[in-house]
Amino acid sequence: MEAPISTIDRDFSEEISVLLRPPSPLQVQEYFDGLVSERQCGLKVKLDDRHGKGVFSEVGYEEGNLILKDQMLVGSQHPSNKIDCLVCSFCFQFIGSIELQIGRKLYFQDIGVSAVDECGSPHGAGCSSGGSNEKIPLPRDTIDSLMNCGLQLPYATKFPLPSVVPCPGGCKEAFYCSKSCAEADWHSLHSLLCIGNGSSTSNTEALLKFIKHANETNDIFLCAAKAISFTILRYRKLKAAVVEQKKYHTPNLQKHTLPSLVEAWKPVSMGFKRRWWDCIALPADVDSCEEAEFRTQVKDLASASLLLLKEAIYDEECAPLFSLEIYGHIIGMFELNNLDLVVASPVEDYFLYIDDLPSSQKREAERITKPFLDALGDDYAISCEGTAFFPLQSCINHSCIPNAKAFKRDEGWPSHYSCPTSHSQGRRDNNFVHRRGCSVSRKTGITC
């Protein structure tokens, strides 16, 4: 029988304390030395008694040099952004084709579903005056032809995108650019959060309620769910390895539950944390005298989200993960460390290519493409947008005078840092946008 959340916080207080205990300096150093070695970069994570973790340069860098390629631990596309952008749920690159990207957007637009209306209001909130660029609708059969490969746009083959690979569990929420991305996401976290027939959870109805609540309140809960799913699946692999190796007899396996859970939790444990309701910034429209009430409301919101998640994917052996204390610290870690994820749309590049064609070719191409551009309107090339947590980036400190930046390159999905003064400032270089900016120095480290 599942225990209430309040009971979990009480009955597993010792285990929760162990999970939230800051790792020892030796554990931190070993973990990040391993990450730096995997990333093959000339950096070093060092601990300071005053400032905590910091990222330091081990080599010299010239302007424009690549400093770091970091791989996200968990990330999520904003739910409303999925209307405008079909991307890989694991690496976030655009998938399908230029025609499919345009067709999907026009289809949702045609049935009245839009993440942003003509006035820039999210979720079709509406506005008091008409937009400056009125969209000219296209026939439904034309839109269907785009989506079903019946209509090929001129020069679209110059912008090839990976084919759409469905979710292994059969859900219609996650799509991928390759079988490897689909399998990686499935085995690392998605199998527990899938709402398809092949999902590892037996309560997809509860999972749908959790997702709906997150979409309507704060989609950071989706990232928190991914972190918990990631830890549970990691724990199960560690436990299976113990059983296979027959190091312990079955009656003694229970005593090794917490050590295995602590080990599974390790990647999350390394991020700096505070409880979400304690560290979230007070909104500008909330008066200081109302701060206590605001923080209570935030805590209640997290509690409601956790209750729904617990009903969906609860694992008795990983019960401490479903405590409000753990949940609040996970979300607080994201609040303090996450990067904004921004991947530029290839549709923008496509229409810019058409616009740059020689006059005769441009006229011929625009005879076909202009109706689609007119139907899309000003927001014809919205970027993929989301949020993600990066292990090494989270150790980088703040600077008000940055001389390096984060961005996403075309050839892969890790976040990159480079010294930007002489670096190209084109659209692609800003695909992965950091919230604050960063600088690098051998003495003071990389700061952002």
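Residues numbered from 1 in each chain as written. Predicted model: local features only at pLDDT ≥ 70, side-chain atom pairs only at ≥ 80, totals over all residues. Heavy atoms only, no water.

Caption draft 1: Structural view of the pattern of salt bridges. For the structure shown, the criterion picks out 19 salt bridges. For Glu38, the salt bridge identified is with Arg39, shortest N-O distance 3.3 Å. Since its relative accessible area comes to 58%, Glu38 is described here as exposed. Note that Arg295 is salt-bridged to Glu291, the shortest N-O span being 2.9 Å. Linking Arg295 with Glu291, this pair stays in helix 11 (residues 291-313), spanning four residues, or about one helical turn. Of the residues examined, Arg295 reaches a relative accessible area of 16% and is grouped as buried. (Salt bridge = Lys/Arg side-chain N within 4 Å of Asp/Glu carboxyl O. Buried < 20%, exposed > 50% of the residue type's maximum accessible area, 1.4 Å probe, protein only. Helix = DSSP H or I, 4+ residues; strand = E, 2+ residues; numbered from the N terminus.)

Caption draft 2: Spatial organisation of the packing of aromatic side chains. All chains considered together, the criterion is met by 11 aromatic pairs. Taken together, a centroid distance of 5.6 Å and an interplanar angle of 85 degrees make the contact between Phe351 and Tyr380 edge-to-face. One end of the pair, Phe351, is in helix 13 (residues 346-355); the other, Tyr380, is in the loop between helix 14 (359-376) and strand 8 (384-389), with 29 residues separating them in the sequence. Residue Tyr380 is classed as partly exposed on the basis of its relative accessible area, which comes to 23%. One aromatic cluster is present, formed by Tyr155, Phe159, Tyr350, Phe351, Tyr353 and Tyr380 through successive ring pairs. Above the plane of the ring of Phe56 lies Lys46, whose end atom (NZ or CZ) is 5.2 Å from the centre. Looking at Lys310, its charged tip hangs above the ring of Tyr314, at a distance of 4.8 Å from the centre. (Phe/Tyr/Trp six-rings, centres within 6.5 Å; stacked < 30°, edge-to-face > 60°. Lys NZ or Arg CZ within 6 Å of the ring centre and 35° of its normal.)

Keep in mind these numbers describe shape, not what the thing actually does.
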